[in-house]
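# Structure assessment
As a plain string of letters, each chain reads:
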Amino acid sequence: MDKDLSASPPSSSVDFSDEVATGKRSLSRNDDELATGGSYEMDLMEQVTNLCKRRGFIFPSAEIYGGFRSTYDYGPLGVLMLRNVKEAWWRSMVQLREEVVGIDAAILSTPKIWEASGHLASFSDPLVDCRNCHERWRADKIGGVCPSCGSSDLTEARPFNLMFKTHVGPVENEGTVAYLRPETAQGMFVNFANVMTTTRKKPPFGIAQMGKSFRNEITPQGYVFRTREFEQMEMEYFVPPNEGRRWFEYWCEERLSWYIDLGIPREKLRLRHHSPEELSHYSAGTADVEFAFPWGWDELEGIANRTDYDLNAHSKASGVRLDYFDQATGERYTPHVIEPAAGATRAMMAFLLAAYDEDEINGEKRTVLRLDKRLAPYKVAVLPLSKKEPLLQLAHSVLAQLQPLVMCEYDDTQSIGRRYRRQDEIGTPLCVTVDFQSLEDRAVTIRDRDTTEQVRVPIAELDQAIQQRVCL
Ligand code: ATP
């Protein structure tokens, strides 16, 4: 919860949801324009949002009714990619670590949690009204001027709580109020004792969780960068109090490396440490992993040293002891917490922006998403050279052979060149082409997205060849 000290989200109020499929445009990369919101970068934003709509990554929600307030639906490719982003996070944060376990806490939650955590009192953004055009804005993002009409006749800023309130059950009164969680973090703090006793973990250990969060943002912006419904990936890492600083530094480096490992170029990422004035009162250190978004550097993830603030707050409010007794030393202490808090939907957008490329193959322009193979929606596309039997039957048997291994697509429409381009555009790392020769030699061609190189592989050895190239 860093509402009072958030790094700048996009100040542009461009609505990227209104996309029209446009023709390909040749983009010449100018590195000086990176992170400065230059024209190359704004073109890139348009290209990526167009691609997402045209190819089924992300659709504006309720589009047939004219859309619904900056909400988005993840289409057939988007759902695969978002799952891959979360899977990559879970693998690195839970699967590969012996001291971290996962949970999946409820989204509907009692006001008691949010009262204790401080969200009811202060999870708010400063809201101003423009007296001229009556639009409402987040005061800290507009520099005193209404982005809609340019007027500086604004009301005094007042706090606007971002939590979505609802009622549980058929009766609507004070006693039935509940909130949709605005972050996944509190579900982990309130389960601290449950997890510690059931798993017998001792500090340093972590609880990880990913899932939907909801914030009634005053101005959702930047496509899926800031939406009211989004997905988070957060981890609470409980450490002995005197080890807080060391683990904070450790997690800053780990989290930065995660994005680099998954293909974002180092120069498009930076770690920005918050100044002492920016720090929230409970934080002993906060840093943001920032990405060079088309409008400039902006937050992908926050890493905070939250000290013992959260466990103490919940312990005090609930009357339940939330501490750790070290049997070896006879010492009892409240662990300090290091929290790497990332957005899954925001990270997916950064991966798409970083992967978008255009190049030329044999004099022909192509669009290619150079996604890491772990993030690509489909790993393999099976493409028969012709729609005629018995080729189709063989192609379907190759597909059935590969489906248990990886997500595959099958495409038998239009020319093979067009089909390669379609797969390049959605980032499919490999195409497997079944041709007439395959009927004779029981072999197929594997084509690589990035190099466009092709190799002939016996169908009997195809599983192994695919596994080597696209599995971990
Ligand atoms: P911001 O300053 O962008 O409002 P924050 O500092 O309030 O973000 P945190 O509360 O630290 O964000 O949330 C952790 C992460 O969750 C953010 O780094 C971001 O990736 C993601 N996130 C937060 N709010 C949103 C949102 N409205 N839409 C999409 N992702 C979000």
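Computed from a predicted model, the values in this text were never measured in an experiment.

So, how was this worked out
Residues numbered from 1 in each chain as written. Predicted model: local features only at pLDDT ≥ 70, side-chain atom pairs only at ≥ 80, totals over all residues. Helix = DSSP H or I, 4+ residues; strand = E, 2+ residues; numbered from the N terminus. Rg over C-alpha atoms; globule rule 2.2 N^0.38 Å. Buried ≥ 20, exposed ≤ 12 C-beta atoms within 10 Å, placed from the backbone. Contact = placed C-beta atoms within 7 Å. Pairing = 2+ DSSP bridges. Axes fitted to C-alpha atoms, helices over the stretch in contact; angles between N-to-C directions. Core = buried A, V, L, I, M, F, W, Y, C linked by C-beta atoms within 7 Å. Domains from an automatic or database assignment. pLDDT = per-residue confidence, 0-100. Parallel < 35°, antiparallel > 145°, perpendicular 65-115°, else oblique. Arc of directions from axis to C-beta.

### Overview of the overall build of the protein
Counting its secondary structure elements, the protein contains 13 helices and 24 strands. Computed over the C-alpha atoms, the radius of gyration of the protein is 25 Å, within 12% of the 23 Å expected from 2.2 N^0.38 for a compact globule of 472 residues. For the protein, the spread of C-alpha atoms along the principal axes amounts to about 75 × 65 × 50 Å. Scored against the burial criterion, the 472 residues of the protein give a buried share of 38%. Across the protein, the fraction of contacts at a sequence separation of at least 24, relative to all contacts at a separation of at least 6, is 66%.

### Describing the environment of Pro111
Here Pro111 is to be found in helix 3 (residues 111–117). Among the residues examined, Pro111 registers 16 C-beta atoms within 10 Å and is labelled partly exposed. Considered as a pair, Pro111 and Gly175 are 64 residues apart in the sequence and their alpha carbons are 9.6 Å apart.

### A few points about the sheet that holds strand 17 (residues 336–343)
Read across the open sheet, the seven strands follow the order 3-10-11-17-14-13-12; overall the sheet is mixed. The open sheet has two edge strands with one neighbour each: strand 3 (100–102) and strand 12 (269–273). Taking each pair of neighbouring strands and ignoring which way they run, the sheet shows an average axis angle of 25°. One ladder, built from six bridges, connects strand 14 (residues 296–307) with strand 17; its direction is antiparallel. Its bridge partner being in strand 17, Asn305 is matched across the sheet by Ile338.

### Notes on the pairing of strand 10 (residues 205–214)
Strand 10 sits mainly inside the fold: seven of its 10 residues count as buried. Relative to strand 10, strand 3 runs parallel, the two being bridged by three bridges. Note on strand 10: the bridge partner recorded for Val100 is Gly206.

### Comments concerning the sheet that holds strand 9 (residues 177–180)
What the three strands build is an open sheet, ordered 4-9-8; its pairing is antiparallel. Every other strand in the sheet has two partners, leaving strand 4 (108–109) and strand 8 (165–167) as the edge strands with one partner each. Both strand 4 and strand 9 contribute to a ladder of two bridges, which runs antiparallel. Opposite Leu108, over in strand 9, you have Leu180 as the bridge partner.

### Quick notes on the nonpolar core
One finds Val85, Met348, Ala350, Phe351, Val380 and Val382 to be the most contacted residues of the largest nonpolar core, which totals 98 residues. Here the element with the most residues in this core is helix 9 (residues 344–355); it accounts for nine residues. Viewed by domain, this core spans two of them, domain 1 (3–123 + 162–352) and domain 2 (378–470), each represented by three or more residues. Contacts of Val382, omitting those with residues within four sequence positions, involve Ala395, Val398, Leu399, Leu402, Cys408, Tyr410, Val432 and Val434.

### Examining the domain arrangement of the protein
Here the protein is described as being made up of domain 1 (3–123 + 162–352) and domain 2 (378–470). A straight line from the C-alpha centre of domain 1 to that of domain 2 covers 37 Å.

### Points about the confidence of the model for the protein
Per-residue pLDDT for the protein averages 91, and the proportion of residues at 70 or more is 92%. pLDDT under 50 marks residues 1–36. Its contacts with residues more than four places away, or in other chains, come to 78 contacts.

### Details of the packing of helix 2 (residues 76–95) against helix 9
Packed helix pairs are specified by the crossing angle of their axes together with the interaxial distance, meaning the distance between the axes. Here helix 2 crosses helix 9 at 105°, and the two axes come no closer than 10 Å. The angle between the axes of helix 2 and helix 9 places the two elements in the roughly perpendicular class. Residue-level inspection shows Met81, Leu82, Val85 and Lys86 of helix 2 in contact with helix 9, the latter providing Ala344, Thr345, Ala347, Met348 and Phe351.

### Topic: the environment of Glu461
By the secondary structure assignment, Glu461 is in the loop between strand 24 (454–458) and helix 13 (462–470). On the neighbour-count criterion, Glu461 (10 C-beta atoms within 10 Å) is exposed.

### Concerning helix 11 (residues 416–425)
Within helix 11, burial applies to Arg419, Tyr420, Gln423 and Asp424. Projected onto a plane normal to the axis of helix 11, the buried residues spread over an arc of 140° and lie on a single side. Looking at helix 11, the residues exposed on the side facing more than 90 degrees away from the buried face are Gly417 and Arg418. Two residues or fewer after helix 11 comes Gly427, characterised by a positive phi angle close to 85°.

### Describing the pairing of strand 19 (residues 364–369)
Across six bridges, strand 18 (residues 356–361) lies against strand 19 in antiparallel orientation. Bridging across to strand 19, Asp357 finds its partner in Val368. Between the end of strand 18 and the start of strand 19, which pair antiparallel, lie two residues, with Asn362 showing a positive phi angle near 50°.

### Re unusual backbone geometry
When glycine is set aside, most residues are seen to have a negative phi, and most peptide bonds are trans. With an omega of 0°, the peptide bond between Pro203 and Pro204 qualifies as cis. Following Glu389, the chain continues to Pro390 via a peptide bond in cis, the omega torsion being 5°. One can find Pro390 in the loop between strand 20 (380–384) and helix 10 (391–402). Phi is positive for His134, close to 65°, though the residue is something other than glycine. Locating His134 in the fold gives a position in the loop between strand 5 (124–129) and strand 6 (136–138). Given 10 C-beta atoms within a 10 Å radius, His134 is considered exposed. Positive phi values are uncommon outside glycine, yet Arg442 reaches one of about 50°. With respect to the helices and strands, Arg442 occurs in the loop between helix 12 (436–441) and strand 23 (443–448).

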